[in-house]
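Given next are the chains, with one letter for each unit.
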Amino acid sequence: VSGPTILVPLPNSPSTVKNGNVSRTALLAERIAGKLKNTKVWDGLRWTKEMTPTHQGGTRDPQKLYNNLVVTSIPPKGTLILIDDVFTKGGHLQAAVARLAEKKAECKLAICAGRTVLESQEQPFLVHREELEDFTPTK
């Protein structure tokens, strides 16, 4: 894909279209972009309403997340990479990929700063790669 690398932060739970809160993932994306050449941040995803954080019992269901996620402007051309603070099940990433696809924006990669694990790991600092199942939302 030609053009710049575009980092797309997932909105944190309180980041809605109405309040304009800048999420910590946007700050993380800015820091990453500042270390790379030909890399920009596009902060164009928001929730329709404040979401309950997943660590407080909020949903991880990609359909419910998709139903409350909006794209606030036309995604720029380039290689889109989602940025999230913590990866657990992938529902947030799946919802974002589906919303971006509606705008003809393809996203096949994500960078997550942390990973929720339920068992201790032999190599806890190993870079973990995982492929998510395709998600097709119901409209």
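Residues numbered from 1 in each chain as written. Predicted model: local features only at pLDDT ≥ 70, side-chain atom pairs only at ≥ 80, totals over all residues. Heavy atoms only, no water.

A separate point is the packing of aromatic side chains. Scanning the model with the defined rule gives one aromatic pair in all. A ring pair is formed by Tyr66 and Phe135, whose centres lie 6.3 Å apart and whose planes are at 70 degrees; its orientation type is edge-to-face. Of this pair, Tyr66 sits in helix α2 (residues 62-67) while Phe135 is found in the segment after β6 (107-115), placing the two residues 69 residues apart along the sequence. Tyr66 sits in the buried class, given a relative accessible area of 2%. In this arrangement the basic side chain of Arg99 is found over the ring face of Tyr66, its NZ or CZ atom lying 3.7 Å from the centre. (Phe/Tyr/Trp six-rings, centres within 6.5 Å; stacked < 30°, edge-to-face > 60°. Helix = DSSP H or I, 4+ residues; strand = E, 2+ residues; numbered from the N terminus. Buried < 20%, exposed > 50% of the residue type's maximum accessible area, 1.4 Å probe, protein only. Lys NZ or Arg CZ within 6 Å of the ring centre and 35° of its normal.)

To continue, consider the side chain of Arg99. Mapped onto the secondary structure, Arg99 falls in helix α3 (residues 91-102). Here Tyr66 takes part through its backbone oxygen, which lies 3.0 Å from a polar atom of the side chain of Arg99. Of note is the side chain of Arg99, whose polar atom sits 2.8 Å from the backbone oxygen of Leu69. Contact partners of Arg99, with chain neighbours within four places excluded, come to Tyr66, Asn67, Leu69 and Val71. (Polar contact = N/O pair within 3.5 Å; in protein donor to acceptor, adjacent residues only side chain to side chain. Contact = heavy atoms within 4.5 Å.)

We now examine the pattern of salt bridges. Applying the stated criterion across every chain yields a total of four salt bridges. Close ionic contact of Asp85 with Arg24 constitutes a salt bridge, the shortest N to O distance being 2.9 Å. With Asp85 in strand β5 (residues 79-87) and Arg24 in helix α1 (residues 24-34), this pair connects stretches of sequence that are 61 residues apart. Overall, the relative accessible area of 18% leaves Asp85 in the buried class. (Salt bridge = Lys/Arg side-chain N within 4 Å of Asp/Glu carboxyl O.)

With that settled, the discussion passes to the nonpolar core. Val8, Leu45, Leu82 and Leu100 are the most contacted members of the largest nonpolar core, which totals 21 residues. Going through the elements one at a time, β1 (5-9), β3 (45-47), α2, β4 (69-71), β5 and α3 are the ones with two or more residues in this core. The biggest single contributor to this core is α3, with five residues. Setting aside chain neighbours within four positions, we find Leu82 in contact with Val8, Leu10, Leu45, Leu93, Ala96, Val97, Leu100, Cys107, Leu109, Ala110 and Ile111. Counting five residues, the second-largest nonpolar core is a separate cluster that includes Leu7, Ala33, Ile81 and Ile83. (Core = buried A, V, L, I, M, F, W, Y, C linked by side-chain atoms within 4.5 Å.)

A few words now on the sheet that holds β6. The four strands are arranged β2-β1-β5-β6 in an open sheet whose pairing can be described as parallel. Only two strands of the sheet have a single partner each, and these edge strands are β2 (39-41) and β6. Taken pair by pair, the neighbouring strands of this sheet meet at an average axis angle of 30 degrees, ignoring direction. Note that β1 and β5 share five bridges and pair parallel. Pairing of Ile6 across the sheet is with Leu80, part of β5. Sheet strands in contact with α1 are β1, β2, β5 and β6, and its direction is about 125 degrees off that of β5. Across the sheet, α3 lies against β5 and β6, angled at about 155 degrees from β5, the strand it touches most. (Pairing = 2+ DSSP bridges. Axes fitted to C-alpha atoms, helices over the stretch in contact; angles between N-to-C directions.)

Interpretation note: all reported values are geometric properties and have no functional meaning in isolation.
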